[in-house]
Each structure stands twice: as C-alpha cells, then as structure tokens.
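These are the residues of each chain, in order.
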Amino acid sequence: MRIEVALPVIIPLFFGALALAVWQWRGVQRAVGVLGSAALTASGIWLLVAVWNDGVLAMHMGSWQAPFGIVLAADLLSATMVLLTGVMGLIVALYSLVSMTPDHERFGYHPLLQLLLAGVAGAFLTGDIFNLYVWIEVLLVASFALLILGGERAQMEGAIKYVTLNLISSLILLAAVGLTYGMFGTLNMADLAAKMGEAENTGLVTVVGVLFMVAFAIKAAAFPLFFWLPASYHTPPVAISAIFAALLTKVGVYALIRFFTLMFTEAPEVTQTILLWGSGFTMLVGVLGAAAQFEFRRILAFHSVSQIGYIIMGLALHTPLALAGSLLFIIHHSVVKTNLFLISGISYFARGTHELKDLGGLYRTHPGLSVLFLISALSLAGLPPLSGFLVKLMLVRAGLEIEAYWIVGIALLTGLLTFYSMVKIWAEAFWKADPRGEEAPANGAAWPGRGGLWLLYGPVAALAALAVLMGVAAEPFLQLSIAAGEQMLDVDAYVEAILGADAR
Amino acid sequence: MLFAILSIFVVAALAPVVHRATGRHSGWVLALLPAALFVYFASFVPTVAAGETVRLAWQWMPGLDVQFSFLIDGLSLMFALLIAGIGVFVVSYAGRYLEGHRDLGRFYVLILSFMGSMLGLVLADNIILMFIFWELTSITSYLLIGFNHEQLKARKAALQGLIVTVGGGLALLAGLVLLGVASGSWELSEILAGEDSLHEHALYLPLVILILLGTFTKSAQFPFHFWLPNAMAAPTPVSAYLHSATMVKAGVYLMARLNPELGGTELWTWTLGLFGAVTMFTGAWMAIQSTEIKKLLAYSTVMALGTLTMLIGIDSPYAAMAGATFLLAHSLYKGALFMLAGSIDHGTGEKEVPNMGGLRRAMPLTAAFSVIAALSLAGLPPLFGFVGKELMLEAALGAPDALGVVLPLLAVASAILVVAVAAIVGLRPFFGARPEYARTPHESPGAMLAGPAVLATLGLIFGIFPALAQPLVVATATSIHGADPEMQLKLWHGINLPLGLSLLSLAAGLVIYRFWDSVRAGIGRVMAPAFRVAPERGYDRFMDGLVWFSAFQTRVLQNGYLRTYVMVTMLTTVALVLATFATLGGLEITVSFADILVHEWVIAALVALAALFVATTNSRLAAVASLGIIGFGVSLIYVFFSAPDLGITQVLVETLTVILLVLVLFRLPGFLKFSNPLTRVRDVIASLVVGVTMTAVLMATLGVQYFPAISEYHIAESEPSAYGRNIVNVILVDFRALDTLGELFVLALAAVGVYAMIKFRAEDRKS
Amino acid sequence: MMAGSLILQTGTRLLLPLLLLFSVFLLLRGHDEPGGGFIAGLVAAMAFALYMFAFDVYKARAILRIDPRNMLGIGLLLATVSGVPALLQGRAYLTSLWWDVEVPLFGELKLSTPLVFDIGVYLVVIGTVLTIVLALAEAEE
Amino acid sequence: MTAEPLLAILVGVLFATATYLMLRRSLVKLVIGLILLSNAANLLIFATSGLTRGAPPLIPEGMLTPEGPVADPLPQALILTAIVISFGVLAFAVVLIHRAYEVVGADDLDEMKDTDT
C-alpha cells in the first residue's frame, strides 16, 4: 500500500468538496484553488519520485485484491501525467485569481477546477477500465460546467456540440467496457493485459479495441472526430480555455497510449495502421484549420488538434523512443499551448479583442509579453533549442529509424505550417502598428494593478521558462521519457506489479 | 569554445543595458566582443595551418546523441574568422547607422544573437547541434528582416525568407537524421573520417536530396533565390552581414563540409554544378536588371553563392582552392560594398543608382573604397577577387564530362555581367553629373567607414601578397576537398585561357555598362519571367493556395452543423468496426431465439415501437410520454432479469428525467419540419447501418466468454468479508466504492453546472 | 409557479415526514436488501420536490433549512472522508472499517465507514436533485 | 442463452433511433436521442454479460452465500453507476438546450454555428 498513489486523487476531491460545502465564502474558494493545486503538485512530485525509485506502484482500493476491487496504479507515464496535471492546475489557479470575475468565483469556478483536476488525475491513475469511464465523466461534467460559466451565447453554442459529441464518446466507451467484461469477465487493465493473448477470436477482440479507440479519439480530438474542439475551446474565459488545452485532450491520448500499449496489442496491423493514418490526417487537418483562422484563440484551438496528431504518431510508431516522444510531446504541448492561451488573455486585457485585425502594436507597448509569446510560439513550432524541437526531433528520429517516411514528412510539413500560423499571430498582433493609432492607450480598462500583473505574468513566465528548460536542459526529461517508454512496452512487469503476489 | 559562444548570447541579452549605459558609443563598445572572438579564433590559425584539427566536446543530451561538440579545421576557422571579423565592423557600423533609432538596443540583441548562432553553426561538430544553430540563424534573420516591423513590406519579406529557409530547414533536419542513421554517427568529424562510403547506401539518394533542399533554400540557390533580394528590406548592416557575408553562406558551408563524404558521385556533381551555374548566371543577369543599389548587390550575392555551389560540385583541387579563395574575397568586397551603399543612402537619402552621380567630391572616402571593392568584385588585378576569378575559371574548364562545356560558358557570361555590375556600383554613383539629392551629400562618420576601409584594403593586400592568405585558404580547401590540394595562391598565373576569358569579360562588361540603361530596358527584360517572376510567383501561389485550401477544407469539415459531426462520428465508428471485421474476420453469430418468453417479446416490442414513435412524432408531449414508456419498459427488463436495484433506480431516474423535460421543454415551440424527404432517407439509412452494426457486434460477443467473471469472488465474499447481503450494493459501496465516489462527483458537478447556467448570466450582469 | 390545491398541501404536509422516514429506512437497509443511498436520496428529494409543487419554492427552501448546494458539498465531503480513516491506519483508501456500538435502548448498532459513505451518497443525491429543481422553479417565476 | 438475442436487436433499434434523432435539426430531438443512446448502452452491458431469470444477487438472511447461481451482480453495479452518471449528464444537457433556446431564440441547431469558423 503506497499512499502516494491515491493522494493525487483524494486531494483535489477533498478540496473540491470542501469548496462546494462552503460555496458562500469567496476567500475560502480562492485559497482552495491555490492550495489544492499546490498540494496536488506536491503529491505529484512525491509520486513521480517514488515510481522512479521503485517501479510501478499500486494501491488496491478498499484493500480488495486485484482484479476484484479497483486498483490505482502508477507507472512513469501515469506519474508524469499526474505531475503535469498538478503544475498546470497551479499555474491556471494563480492566473485565475486575477482573470476570473467575482461572479465566476461565486458560481463555483474554483471547486469546478479542482474537480476537473481530480477527474484528470483519476483517469491517469486508475488501473480499471470502468473506473476510467467514471473519471472521464467526472472531468467531462466539470468541463461542461466550466465551459458554460458565464452563459454567453457563444458558450452555449459551443457547449451543445461539446456536450453532444463527448457524450456519444462516453457511451461508446461504456459499450466497449461492457463488451470487454462480457468476453473477459474482468475490468482490471493488468488482468486484461494478461488474458488478452489467450482469446481465440482476435477479430472480435480488436473490434472492441477499435470501439475504445474511437471513444478515446473523440476525447483526444483526432481526425475525423475533432469537431467539438474548434467549436468550443475559444468560447469560455481564457483561464478555462487554458486548462482545457492543457489537460482534456491529453486524457484521451493518455488512454489511447495506455490501451494500445498494454492491451489490444494482438493485431497491430489493424490498430497501429488506423492510428498512423489518423495521426497524419489529424496533424494536417488541424494545422490547415489554424491557417484559415484570424482569431487568436481559434488559431490556438485548431493547433491543439494538429498537435494531438503528433502524439498519436508516436503511439503508432510504437518504439521506446517514439513513445517517449509522445509523452514528452504531451508535456510540451500542455506547457506551451496553455501559455499561449494565457498570453492571449493578457493581450485581451490590453486591447479588449482577440481578432488579429484589431490587434497590433503589442511589441511596442508590451515587450515583455512579446518575448514570452515568442518563446512559446516558437516552441510550439518546434524551433530549437526549445521544448518543441526536442520532441519533434525525437519523433522524427523514431520515425526515420523504422523507415516510416511519409508520416515523418507530414510531421515536418505540419511543423512548417505551424510556424506559419504562429508567425501570423506575431506579425499581426505584435509587429503590426496598433490599428487604433499611436495615441491609443496601451491597456484596456480592465488592466489589473501591479499586484495583479504579477499573478498574470508570473505563471506565463514560469511556463515559458519551462519550455526553455525542456529544450536546454533536456537530458533529465529525456531520461524520464525514455524510461517511461521502455516501461510502457514491458507489459509483463506491469502485470506483475499489479497482480503479483507481493502487490497486496 | 562553448564559453566563447555562450558569452555572445549573454552579451546579447545584456546589450540593451550596455546601450543605455554607453549611449552613442555603444556600437564600438559592443564591437569589442567580436573583436575579442576574432583574436581568439585567430590563435587557432597556426595549428590549423599545420594541418591539424581541434575538436572540443561537452555533454548535453546523450539520450539523443546530441552534444556540444565543436570542430575547428580550415573550413570552420575561415568562417569563424569572417563572422567575427566582419561582425566587428557591422556592430560598430550599426551603432552609427541606426543612431537615435528607438529600437537600437533590440537591434544589438538580435544581431549579436545571430552572430552567436552563426558561429555555432560553422563550428558545430554534432549534426543536430549544427541544425539547432542553423534554425536560430533563420529566426534571427526573420526578426532582423522585419526590423522595421510597422511596414507591411518588411513583414512580408521577413515571412517569405522565413518560410523558405525554415521549410528547407525541415527537409534538412530529415536529411541530417537520415545521415546520422545511415552513417551510424552524429558527429561530423566521425562521419567524415568514416571508412565506409555512403555512396552505396540505400538512403544516399533521399538524404542528399533532403540536405540539398536545406542548403539550396538557405543559400538562395535557383529556384529559391527570390527571397534574398526581398530580404533587403532589412537595415543595411543586416544586409551586409547576414544576407551577404555570412548567413546565406551557411548552405554553402554545409555542402562544402559534407563534400568529402557525399561528393564525388554523378548526382552530387551534376546537381551542384548545374544548379550552382544557373544560380550564378541568374544572379548576374538579375543584378544588371536592378536599379536599387542594395538589390543590385543582393543579386550579385546570389551570383556568388551560385559560383560557390558550382565549385563545390566540381570537386577538384582547383575547384576547392577557387572556392576557398572566392569565399574569402567575396566576403571582403561584398561586406564593404553593402556598407558603402548604406553610407551613400545615409549621406544622400538616395537608393536608386540611376539617380546617382558625381558624389566623388562630397564623399571622397566612400568613393575610393567603393572603387577598390568594385575592382575586386569585377575581378581585376591586383585585387584578391582576381585571384579567385582566375581559379574559378580554371576549375570550371576542368569540370568533368559535359559540365566542362556548360559551366565555363555560364561562368564567362556571368563574369561579363559582373564586370558591368561592378562598374554600376563602383563608378556610377561617383562620377558624371551630380543630380539633386534629398539631403545635401556628406561624408559618413568614421564608424561607418572603418569597416569598408579595412575590408576593401584587405582585398587589395591579399591580392598583392596572396601568400598572406595562403595558409588559411589552403586549410579551407583541404577541408572542402578532403585532401590537401597542394597548390600555391598566385596573382599571376601566366598567359593562359582563364586570363583570356578575363580580358574578354572585362571588355564586354564595360560595353554593357556603357549601354546599361538601354540594356535594362531591352533584352534584359527577356529572361526576367524565368528568373524572378516564376519562382516568386510559385511561392505566392503556394501561399495563396495554402490559405485557400485551408479555408476550403475547414469550411467543409468544421461546417458548424452538429448533425454533420454526429454523422461523421457515427459512420467513422461503424466503418472502422466493419473494416476490422473485414481484415481480421471474427464476425461469427450463433444465436437462437428459442428460449424467449412471451412477456419478454411483448416488452421488447413495446420499447422498440415507442422508440420508433419518438423518432417520428411531431408532438413534443407525445415524444416525452413515449420516452417515459421506454424508460419504464427498460426498467421492467431489468426486473425480469434479476436486477431489482436497477429496476427501481431506472424508474426513479426516468421519472425525474421526464419531470425535468416537462419543466424545461413545455415552453419551447412545437417541432418544425426542417428536413426534406431525401435527407430523411439518407439519415434513415445511416441510422440503420449504425443499429445493425451494433446489433451484430453485440450478437457476436454473446456466446463468447473466455474467462470466468471476477464477480464469482464478489458473490462469495460479499457477506463473509464485506458484511452485506445485497451484493450489488456491496459492490457499489465497498468493492467498487471508488466508482460510486466518482459518480457522486458527477452528480454534484452537474448540479453546480445547472445552477450556474440558470442563475449566472454574465451578459445581463454587464448591462 | 402556482401553489397546489389545499388537499394536496394538506396531504403533502403529512406525506413529507413519512417519505423522509421511508427514505432513511431504505438507506439503512441498503446493504442487505434492495435500497441504498442513491434510491433513498431520490425518494427524499422527491418528497421535497412534491412539497415545492404543493406550496412554493420559498416554503420548500424554508423547510429544508439548509441550502441544497451546501448539502451537496457536505455529502461529498462525507463520502470522500469516509475512506480516510483506513489511510490513517496504514490501509488502502476506502477500506471498510466496522464498529459495533452499544446504544442504550436501541441495542447493538453496526457502524461502518460504508454506512458513512452511503450517507454521503444520500446527501449528494438530495442536494443534486433539489439544487436543479429549485433553481429551475425559481427561474420559472 | 436466454433472451440476449432479443435484447441485441432492441439495442440495435435504440441505437438506430437515437442516431436518427441526433441527425435532426431540433435541439429537443437531439437531447431525446442522447437519452435513448444511454439507455441503449446500458442494455448492451446488461445483455453482453448474460441474463438470468428470477435469481437476483441477494443473499438470504443468515446465509453466507446465495442459494444456487444468481445473476452476475457486477454488471448491475456498473449499469447502476452508469444510469446515475447519465442522469447527471442528461440533466445538464436538458437545461443546456433550454438555455441555448433562450439565448438563440429557436429550437434550431442551424442557428448555432457561429462558433465554428
């Protein structure tokens, strides 16, 4: 029994419940927002260190032995994702202290955020397929509530698509869980991994796997199932868009990685082919979608689709280096995309608009913001020595090593087009002269005071620093991700750690 | 070494502070850094001239075989010295040229960062490290071209340069990784020293093509040359430094660097030879077509880059010597000429050559240095350019096969045109009648003349005493050729064919200069479509097409209609399921309808009919009522098949749902008939496909159970271990309590969301 | 919303305590027979909803005494925390603990963390349904 | 095998009608489609793990295990959880279309495509 495996779930649940119990007190809510995510971050660090030292860890909920109860399990992949969740939550919670209106806070912004984190952490840690469904629903409903917070028309329109398509995804997932239980009589991932090889009808098992794939691909916003994302991501307040961009699709990708490295590995000629084609189209369609946009946040939203393609590409290539690349790509994308959303929020504070044609002159008036944007944008576009380059290099190298030439070609082309959109934002919002004229005030009416600025700029600067660090001091990240990649492919060790005799 | 390169970035970051502290002398102060670096690199000259190489390495990312490793041999040292040396003058020049500009501090940051990147590029031994610096030069170049960022023209030119070079850079990345994979090493020195040649490797062709895509775009080879003249939107020091002396030569550098390993094949020789020669001619031709002085110089740079590429392709001792000499000579005179052009602009406000003339009195020093540098450009003795040109012609004549005919012809034609270009920039502004200028012409300050003075004079000194340049040039040529060319640099080669061709080009070039205005208007236009318009239009078409296509595909895919999204999602699911069955088989259905009781048939039929009714009715109330029937029917099914808890829960939930629906929906208007019959038929077919597929999948799994269910444990342990006799409830609150915990949070979240939706309307609150 | 008829009001006044008592009964027996926190919570919530229909939202809120949103949070806290004692004993989260308590007059009472958990469920379900229904009803007015 | 094939067909019918409803332009039909779909998924789980008549998973008082075979309790627990979750989500969806109707002023999804491009 290792308590650190369960803490990342219990902590945000507790803080979220606490904040709901005393929803009338705004001060408590704000404190919960920060303390909860800080505690989650701390427990994430603890967990990662523990897993790094001791290998796959598990906690058997209710002390029921696996596979009869629910297991929370942490390997390096899970632990890293949990830590990422904590860090992103903390960053956004701090930023929200200034950027969220008191009304948003009164209607439950902080507990919703905590419970979103709880759902995400639960999804990353659970070792049980039905329990995964439950956590996905937790984070999903939390995201529903966050998405409509404020009740503006665009939010409602976006939310209808978001809710419908994600609900369809959940129900496909539920059906797939039921079919799996019907065939294998178990819900535990490790148990399934051990039993899957013994099924006679590979076709039928793979069909169930494909149902899982569709369900998770919708959550991950992969082609051709991504529609909900560009329709909705840009509608809520930016702090919410930012945390969505950091975590939501990541859960889908994580689940894809978990399912198709641990289970459903019997027919790679089908599953990996679908994933590979899907990743190629996802990259291209997303980046082309972004090229067509002229609104700061919409460009970012479409890019999220495109970047998911890279992550799935790593999964489809299925070598330790490629999987490591996927994992680092997830981290990289969360850091950078979140940051870009947060920056778009600051530029909105300054100019009161997200439309590129109405923006301008930020390079002149906000040089610090410009530098932070440039770091994030260039990192997203894969420019060295930033985080984006590292992950691109890993995937390109992994792809070329196993002679997957065309997918590497698409990945590189996508990189160029990403560059194009990022430069478009830079040229329009930062370089171009302010269309309102030279004398226009640098900042909008809502521009916060000095203390508030710290809370806006601090998180952004921290994330930018992280993007630089991942590129420049890359070795620890590399080591971690490659170890995680190797661990993912070592199914037997995972099964042993969960089901083995000494795992009680 | 690492320290040297890092120091540049540190100083770059501090440059605005230095600028603020030192004011108008900031250029000189900051130029101390490249000066120190120049001295540092110069200290390697004896070692390298003695035929040794120096390699230094520090760990970085061993996991990806990336390390800070640096290689100093003739080639990299030559480049390092040029970068640092010219850097000294460019920085000091900029301090005065941009004096009073509000962004001068930022300019220093960029130009110094560029310098660091460029040094890293040429010194790196690790190919990934080299690529990293390569990309950094692209981005600093982008920021520098767009320095006057409030002008649309500058932003467009910057974007063009960036897209072309970064696009090529991505190909280069793929090529370099392939090189690493194919050779098994990620260090240039090891790859070059490797015993096995890559010529026979299966990846040779793709990796050469990819690498050349990178180098051709960076070094503005035809048909990618169009971005370079547009990049002249940058301030003059930038043009002099990046787009003439250093960055654009990065591609040349890499080709020269890899020549010993990759060169020597027909593919290599023909590609480089032909593309180089065509670029050379294109540049020369377009140069005499231009009237803006910086464009003229830019195209002559294109010409020089083509020449260098061609020489690398020829790959003979002569060519290697010629390449090394030409490289040095070109950097010296072209750097000088750009700065002098900036000086004329600074002194008169004029950029168009045809509007210039008679400046020799007002700007005597500028005139003198211009003439010297132009003589070197034209390749006249006793200047260093002459030495280079003679060797170049000699090398072209010695090219193998048919190239031995094509290349000399293009080389001579280019030489003729370059003589004219040299006259245009070296003579035209200073002699003849003096027109009216926007500003009263005045000589430039010392900081702006120091560079041209030193660079032009060096061209003269090296011309007269080629032995001074000999050690470095030979060492460079050794790196390019892979072996010592064993040749002496000489001003005078005796009377031979190259000399004759030189004289011919001089005479013909001066004739063209004499009739420049009519040449420009007449035959000069002939080839403009192929040389300038077509490639650039290709780029424009590509970018327009990209924007059009992305808008088109986004309109089609992300069209805003939820029903399209639902349709695509459902059909994708079905298609993937069916494709999997088709590939792997496994759709075996063995079911029997024998053991079904009558009341089960009845209740199932009732639910099915209610569902069909819901789908077709146009009465909202009827729809809700049938929904209730479905819900209660389903709960009956649960009860029939031994699930009382489910039955009760289903009934309660269904009741609540119906209450909610009635509460919420009865205010809405009645259903409208939106869809036409055809759409409905299509939708019915799609729905049937979905339904049939789900039924088939479910039926296929019915008889299949590979392992006994884990619930045997729950049944056995419910009372003994968990003290509960309702096994379902024990599972919910004990065996799988975590599920229930999550479920509770879902409920609570839904309630919070609903509450916020109903009560929190930001728009109302604003008004 | 229109208040219901006098008969309904009188009936509801009598029914409410009965239904609540029944819901507690369902809650407590859930571990052994069909029932449990969820079903019990729904019954209780419906009782209050009925009261709301019979009278009005304000009366319903008044008789509840506690805002359903607080009830929601308290229920969640109870359910979440019910797993913590096991953690403190060094056992896995949500491991059930059982105590037999002698209560005067009632005799022996089986107390357990699953019971606490189920009470949490009960409160959350009441809180959820009433939060939604009351908010909707208020919006209608 | 008892009535599983019958349920399989019923599940298919529910999936088909749900899909058809979700392909309409009306918000209300959309949400009804979602409700049908969640019923279909629950029935699917119920059918796939095997049906048992008249043997609920309850242990008689005073015994440690049920008498004879009983229905599989685990899928029932899963479905129960799923029903409750679906209820929460669908309640949200119902109120969402109500609010969407309020801000847009029509029960027409085609009026709601401004956020896409």
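Residues numbered from 1 in each chain as written. Chains lettered and ligands numbered in written order. Predicted model: local features only at pLDDT ≥ 70, side-chain atom pairs only at ≥ 80, totals over all residues. Heavy atoms only, no water.

## A look at the overall build of chain D
Right, on to step 1. Scanning chain D from N- to C-terminus turns up three helices and zero strands.
Right, on to step 2. The helix and strand sequence of chain D, counted from the amino end, reads α-α-α.
Right, on to step 3. The principal-axis extent of the C-alpha atoms belonging to chain D is close to 60 × 30 × 20 Å.
Right, on to step 4. Long-range contacts, defined as pairs at least 24 residues apart, comprise 60% of the intrachain contacts of chain D with a sequence gap of at least 6.
Right, on to step 5. Summing over all exposed atoms, chain D offers an accessible surface of approximately 2,600 Å²; the carbon and sulfur share of this is 53%.
Right, on to step 6. Put simply, chain D has 6 plus and 11 minus side-chain charges, and the middle of one group is 10 Å from the middle of the other. (Helix = DSSP H or I, 4+ residues; strand = E, 2+ residues; numbered from the N terminus. Contact = heavy atoms within 4.5 Å. Areas by Shrake-Rupley, 256 points an atom, 1.4 Å probe, with all protein chains shown as cover. Lys, Arg positive; Asp, Glu negative; His and termini not counted. Charge placed at Lys NZ, Arg CZ, Asp CG, Glu CD.)

## What to know about the interface of chain D and chain C
Right, on to step 1. Opposite the four residues of chain D that make contact, chain C presents five residues.
Right, on to step 2. With both sides pooled, the region where chain D packs onto chain C buries about 530 Å², and carbon together with sulfur makes up 84% of that total.
Right, on to step 3. Across the contact surface, chain D and chain C share zero salt bridges.
Right, on to step 4. Run the count over chain D and chain C and you get zero residue pairs in polar contact (both at pLDDT 80 or more).
Right, on to step 5. Across the side of chain D that touches chain C, the residue classes break down as four nonpolar, no polar and no charged. (Buried area = accessible area lost by both parts, 1.4 Å probe. Salt bridge = Lys/Arg side-chain N within 4 Å of Asp/Glu carboxyl O. Polar contact = N/O pair within 3.5 Å; in protein donor to acceptor, adjacent residues only side chain to side chain. Nonpolar A, V, L, I, M, F, W, Y, C, P; charged D, E, K, R; others polar.)

## Notes on the UniProt feature "transmembrane region" (unreviewed entry) in chain C
Residues and elements named next belong to chain C.
Right, on to step 1. Here, the residues flagged by UniProt with the feature "transmembrane region" (unreviewed entry) are residues 40-58, 70-88 and 119-137.
Right, on to step 2. For residues 40-58, the helix share is 89%, the strand share is 0%, and the end-to-end C-alpha distance is 24 Å.
Right, on to step 3. Span residues 70-88 is 89% helix and 0% strand, its end C-alpha atoms 27 Å apart. (UniProt positions renumbered as here; feature names shortened; annotations may be inferred.)

## Topic: the side chain of Lys-432 of chain A
Right, on to step 1. In this structure, Lys-432 of chain A sits in the loop between helix 18 (405-431) and helix 19 (450-472).
Right, on to step 2. For Lys-432 of chain A, a relative accessible area of 12% translates into the label buried.
Right, on to step 3. Among the polar contacts made by the side chain of Lys-432 of chain A, one reaches the main-chain carbonyl oxygen of Leu-356 of chain A at a distance of 3.0 Å.
Right, on to step 4. Within the local environment of Lys-432 of chain A, its side chain forms a polar contact with the backbone oxygen of Lys-357 of chain A, the two atoms lying 3.4 Å apart.
Right, on to step 5. When residues no more than four places from it in sequence are discounted, the contact partners of Lys-432 of chain A are Leu-356, Lys-357, Leu-359, Gly-360, Gly-361 and Ala-427 of chain A together with His-149 and Arg-155 of chain B. (Buried < 20%, exposed > 50% of the residue type's maximum accessible area, 1.4 Å probe, protein only.)

## Comments concerning the packing of aromatic side chains
Right, on to step 1. On inspection of all chains with the given rule, the structure shows 56 aromatic pairs over all chains.
Right, on to step 2. Ring geometry for Phe-212 of chain A versus Phe-259 of chain A: centroids 4.6 Å apart, planes at 45°, classification tilted. With a gap of 47 residues between them, Phe-212 of chain A in helix 9 (residues 202-220) and Phe-259 of chain A in helix 11 (residues 238-262) connect regions that are remote in the sequence. Across this residue pair, the class does not change: Phe-212 of chain A and Phe-259 of chain A are buried.
Right, on to step 3. Look at Trp-60 of chain B and Phe-68 of chain B: their rings are 4.5 Å apart centre to centre, the planes differ by 15°, and that puts the pair in the stacked class. No difference in accessibility class separates Trp-60 of chain B from Phe-68 of chain B, as the two residues are buried.
Right, on to step 4. Members of the aromatic cluster, each reached through a chain of ring pairs, are Phe-223, Phe-226, Phe-227, Trp-277, Phe-281 and Trp-406 of chain A together with Tyr-565 of chain B.
Right, on to step 5. Here the guanidinium or amino end of Arg-106 of chain B rests over the ring plane of Tyr-363 of chain A, the centre of that ring lying 4.4 Å away.
Right, on to step 6. Lying across the ring of Trp-23 of chain A, Arg-69 of chain C places its NZ or CZ 4.0 Å from the centre. (Phe/Tyr/Trp six-rings, centres within 6.5 Å; stacked < 30°, edge-to-face > 60°. Lys NZ or Arg CZ within 6 Å of the ring centre and 35° of its normal.)

## Examining the packing of helix 2 (residues 37-54) of chain C against helix 3 (residues 57-64) of chain C
Residues and elements named next belong to chain C.
Right, on to step 1. Across the interface, helix 2 lies against helix 3 with an axial gap of 7 Å and an inter-helix angle of 140°. By the angle between their directions, the pair helix 2 and helix 3 is classed as oblique. The hand of the helix 2/helix 3 crossing is right-handed. The segment helix 2 lies against helix 3, with Phe-48, Tyr-51 and Met-52 engaging Val-57, Lys-59, Ala-60, Ile-63 and Leu-64.
Right, on to step 2. Of the residues assigned to the contact of helix 2 with helix 3, the class counts are seven nonpolar, no polar and one charged. (Axes fitted to C-alpha atoms, helices over the stretch in contact; angles between N-to-C directions. Parallel < 35°, antiparallel > 145°, perpendicular 65-115°, else oblique. Left-handed = near helix turned anticlockwise from the far one by under 90°.)

## Some thoughts on helix 17 (residues 384-397) of chain B
Right, on to step 1. When the terminal C-alpha atoms of helix 17 of chain B are compared, their 20 Å separation across 14 residues agrees well with the 20 Å that a helix rising 1.5 Å per residue should span.
Right, on to step 2. Across the 14 residues that make up helix 17 of chain B, a large majority, 12, are buried. (Expected span 1.5 Å × (residues − 1).)

## Regarding the layout of surface pockets
Right, on to step 1. In this structure, the largest pocket spans a volume of roughly 1,200 Å³.
Right, on to step 2. Lining the largest pocket are 40 residues, with Ile-375 of chain A together with Phe-9, Val-109, Ser-113 and Leu-136 of chain B positioned closest to its centre.
Right, on to step 3. If you list the elements that add at least two residues to the lining of the largest pocket, you get helix 16 (367-380), helix 18 and helix 19 of chain A together with helix 1 (2-22), strand 2 (66-72), helix 5 (104-123) and helix 6 (127-145) of chain B. (1 Å grid on protein atoms, 1.4 Å probe; cavity = no way out; pocket = protein on both sides within 12 Å on 5 of 7 lines; lining within 4 Å. Points joined across faces, edges and corners; volume = space filled by probe spheres on them.)

## A word on the interface of chain B and chain A
Right, on to step 1. Counting from both sides, the interface comprises 104 residues of chain B and, opposite them, 120 residues of chain A.
Right, on to step 2. Of the roughly 10,000 Å² buried where chain B meets chain A, counting both sides, 76% is carbon and sulfur surface.
Right, on to step 3. Summed over the shared surface of chain B and chain A, the result is four salt bridges.
Right, on to step 4. Measuring nitrogen to oxygen at the nearest pair gives 2.8 Å for the salt bridge that ties Arg-397 of chain A to Asp-65 of chain B.
Right, on to step 5. Top contributing element to the side of chain B that touches chain A by residue count: helix 31 (residues 737-759) of chain B, with 15 residues.
Right, on to step 6. Residues belonging to the side of chain B that touches chain A are distributed by class as follows: 64 nonpolar, 23 polar and 17 charged.

## A short note on helix 12 (residues 249-262) of chain B
All names here are of chain B.
Right, on to step 1. The terminal C-alpha atoms of helix 12 lie 19 Å apart, and with 14 residues this matches the ideal 20 Å at 1.5 Å per residue to within 8%.
Right, on to step 2. Its maximal kink placed at Ala-256, helix 12 deviates by approximately 25°, while the proline Pro-260 follows within four residues.
Right, on to step 3. Most of helix 12 is tucked away, with 13 of its 14 residues classed as buried.
Right, on to step 4. Positive phi appears at Gly-264, one or two residues downstream of helix 12, with a value of about 90°. (Bend = angle between axes of the 7 residues up to and from the residue.)

## Topic: the UniProt feature "transmembrane region" (unreviewed entry) in chain D
Residue and element names in this part refer to chain D.
Right, on to step 1. With numbering aligned to this structure, UniProt lists the feature "transmembrane region" (unreviewed entry) at residues 6-23, 30-54 and 74-97.
Right, on to step 2. Helix makes up 76% of residues 30-54 and strand 0%. Its end C-alpha atoms lie 36 Å apart.
Right, on to step 3. Helix and strand shares over residues 74-97 are 100% and 0% respectively, and the end C-alpha atoms of the span are 34 Å apart.

## A few points about the pattern of salt bridges
Right, on to step 1. Inspection of every chain in the model, using the stated rule, returns 35 salt bridges over all chains.
Right, on to step 2. Arg-2 of chain A is paired through a salt bridge with Glu-4 of chain A; the nearest N and O atoms lie 2.9 Å apart.
Right, on to step 3. The exposure class assigned to Arg-2 of chain A is partly exposed, which follows from its relative accessible area of 26%.
Right, on to step 4. The structure contains a network of salt bridges with shared partners spanning Arg-364 of chain A together with Arg-102, Asp-103 and Glu-150 of chain B.

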